[in-house]
Structures are given as structure tokens and as C-alpha cells.
Amino acid sequence: MKSISSRDNALYKELKQLATSAQARRKSGRSLLDGVHLAEAYLQGAGKPEFCVVAESAVYHGEVAPILAQCEAAGSQCICLPDALYQAISQVENGVGLLLVIATPQPAVPGALTTSAVLLDGLQDPGNLGSILRSAAAAGIHQVFCSAGTAAAWSPKVLRAGMGAHFQLDIIENADLLSLCRGSKVPVLATSSYAQKTIYQTDLTQDLAWLFGHEGQGVADDLLDAASAKVAIPHLGQMESLNVAAAAAVCFFEQVRQRQGGR
């Protein structure tokens, strides 16, 4: 394990730039996984990290030491930083003192939608995006397509909200949702508060793609027109609509309920 004690060290400067600059992460094709839970989720099946970075005070921590040993055995470059230098690159307050630097996964883009998927049109809030990814993974969905203008799926905030879901999904960013809708081999269902049919009146037992839109503006009109059907989530209160992450979870798990014989 390499110890770095100077802020002027070239590798430390590179790590700090990755930690503080979304542009640097995009340009280098890397993402940062901050904390034990994300590290464990990644190591369980996604591969080996490029770097494993630990705070000096965390080297012998009961949860960190096994991860550090696993990374060393895999041939990842392991780096120990004084706590002050580590805190300058960590975005987690009161974290345990461990982060991984990984190559951002780049799954192959399928030619058409052929299985259950989620299409996200311009979602802005990282917490909403991460929550949707977490719910999709829990519901057994494996593909997520994000339009240009959607929050960066591999940003630190989305990763924390996703709680490891990223490594159970194929996440395609900057996707052409209109082409996907028009060429889909499975039904595409768009959520709309103006739809006449509810999710509870719709057969969700087959593979299908869910289409969700911007928090304030909803799904774009051209995408609504290209969807196979529009469905609503009924509610009894006076609120006009649900939070998009809550709406997605309701839809996903109504599909799970129907698929398990609850229709």
C-alpha cells in the first residue's frame, strides 16, 4: 500500500480533481464509490477498482480491512492518506474513510427494447434518480435509459441514493428515448395524471418499459405520443401528483405484484 502525505503529490491532485469535478470524471471515464456499502456492492460482482483509497485512521477498521485486503489481492493500487487529506476528497460527512475509484461501466446499447426497462426523460434531482435506480433493481428490472439532460447517473449523490443498485443494472446515458419508444419490441407505458386507465386496470404481467418524465414538466409530448399507452396512479388526496421516485416505485411493485399472481 502506498502512503501519500503531501497535497502536492501528483496522484493526490488527480484524486482530488476526480472527487471535485464532474467534468474530470466524465473525461477520464471514472467514478468514485465513497463508503463501505458501495465498495462491497461493487466488489461482489462488478470487477476490481483502479484505486482503493483509505484514511489512515480506517486502515484497521473492521469493515475496511477486508475490503482493503480484497483490493490488494486483486491488484488494485491501494493508497493510504492522512485523515485531513482524505477528508478533502470525500463527500460523505462522518464517513468510515474508504473510497474506490472505478472505471465507469459502459454497457452496450441494445438495438431495441426487448425486456423490462425504465426510460427517464430529463429527471433533474439526483436523489430521485438514485431512488428510481434502487427501486428498479429491487423489482428485477435490468435496463435503465437516461435522456440527455437527466442528472448524471454516476455522480456521487446518485450513487449514494442508489445504495449499490448501479451494479445490478445496465445504465445507458444520453439515450435517444424517442427512437427507443418507436422501435420497442415491448409495450411502453407512460405515466400521466390525465390518463383514463390506471396501473391497477392494466395488465403488467408481461415485459414492458416504464417511461417517467421531468419532475415539474412530466414526460415530453413527443414521447407521450410514441408510448404504447398512458396510465395513471389513482390517489385520494388533493395533491396533484406524486414525486416521480414514489410514482416509479408504485408502478414497479404493482408489476411485481401482478407477476407473482396478484392480478
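Cut-offs applied
Residues numbered from 1 in each chain as written. Predicted model: local features only at pLDDT ≥ 70, side-chain atom pairs only at ≥ 80, totals over all residues. Heavy atoms only, no water. Pairing = 2+ DSSP bridges. Helix = DSSP H or I, 4+ residues; strand = E, 2+ residues; numbered from the N terminus. Axes fitted to C-alpha atoms, helices over the stretch in contact; angles between N-to-C directions. Contact = heavy atoms within 4.5 Å. Salt bridge = Lys/Arg side-chain N within 4 Å of Asp/Glu carboxyl O. Buried < 20%, exposed > 50% of the residue type's maximum accessible area, 1.4 Å probe, protein only. 1 Å grid on protein atoms, 1.4 Å probe; cavity = no way out; pocket = protein on both sides within 12 Å on 5 of 7 lines; lining within 4 Å. Points joined across faces, edges and corners; volume = space filled by probe spheres on them. Nonpolar A, V, L, I, M, F, W, Y, C, P; charged D, E, K, R; others polar.

Draft legend 1. Region of the structure containing the sheet that holds strand E9 (residues 188-191). An order of E8-E7-E6-E10-E9-E11 is seen for the six strands of this open sheet, with the pairing classed as parallel. The two strands at the open ends of the sheet, each matched to only one other strand, are strand E8 (170-175) and strand E11 (229-231). The mean inter-strand angle of the sheet, taken between neighbouring strand axes irrespective of direction, is 25°. Pairing geometry for strand E7 (residues 143-147) and E8, over four bridges, is parallel. Bridging from a neighbouring strand, Val144 pairs with Ile171 of E8. The strands touched by helix H6 (residues 126-138) within the sheet are strand E6 (117-121), E7 and E8, with E6 carrying the most contacts at an inclination of about 170°.

Draft legend 2. Layout of the pattern of salt bridges. This structure, assessed with the given rule, holds four salt bridges. Across the salt bridge formed by Arg30 and Glu14, the nearest N and O atoms sit 2.5 Å from each other. With Arg30 in strand E2 (residues 30-34) and Glu14 in helix H1 (residues 10-20), the pair connects residues that are 16 residues apart, well separated along the chain. Residue classification places Glu14 among the partly exposed positions, given a relative accessible area of 31%. When the shortest N-O distance is used, the salt bridge between Asp207 and Arg259 registers 2.5 Å. Of this pair, Asp207 sits in the loop between E9 and strand E10 (209-213) while Arg259 sits in helix H10 (residues 244-262), and the two are 52 residues apart along the sequence. Here the residues in one salt-bridge network are Glu14, Arg30 and Glu50, joined through shared partners.

Draft legend 3. Summary view of the layout of surface pockets. In this structure, the largest pocket spans a volume of roughly 670 Å³. The wall of the largest pocket is formed by 24 residues, among which Thr191, Ser192, Ser193, Gly218 and Ser241 lie closest to the centre. Taken together, the elements giving at least two residues each to the lining of the largest pocket come down to E10 and H10. Residue composition of the lining of the largest pocket, grouped by class: 11 nonpolar, 11 polar and two charged. For the second largest pocket, the calculated volume is near 480 Å³. Every residue lining the second largest pocket is counted, 24 residues in all, and those nearest its centre are Arg26, Ala152, Trp154, Glu173 and Asn174. Of all the elements, E8 adds the most residues to the lining of the second largest pocket, at four residues. The residue makeup of the lining of the second largest pocket, split by class, is 11 nonpolar, nine polar and four charged.

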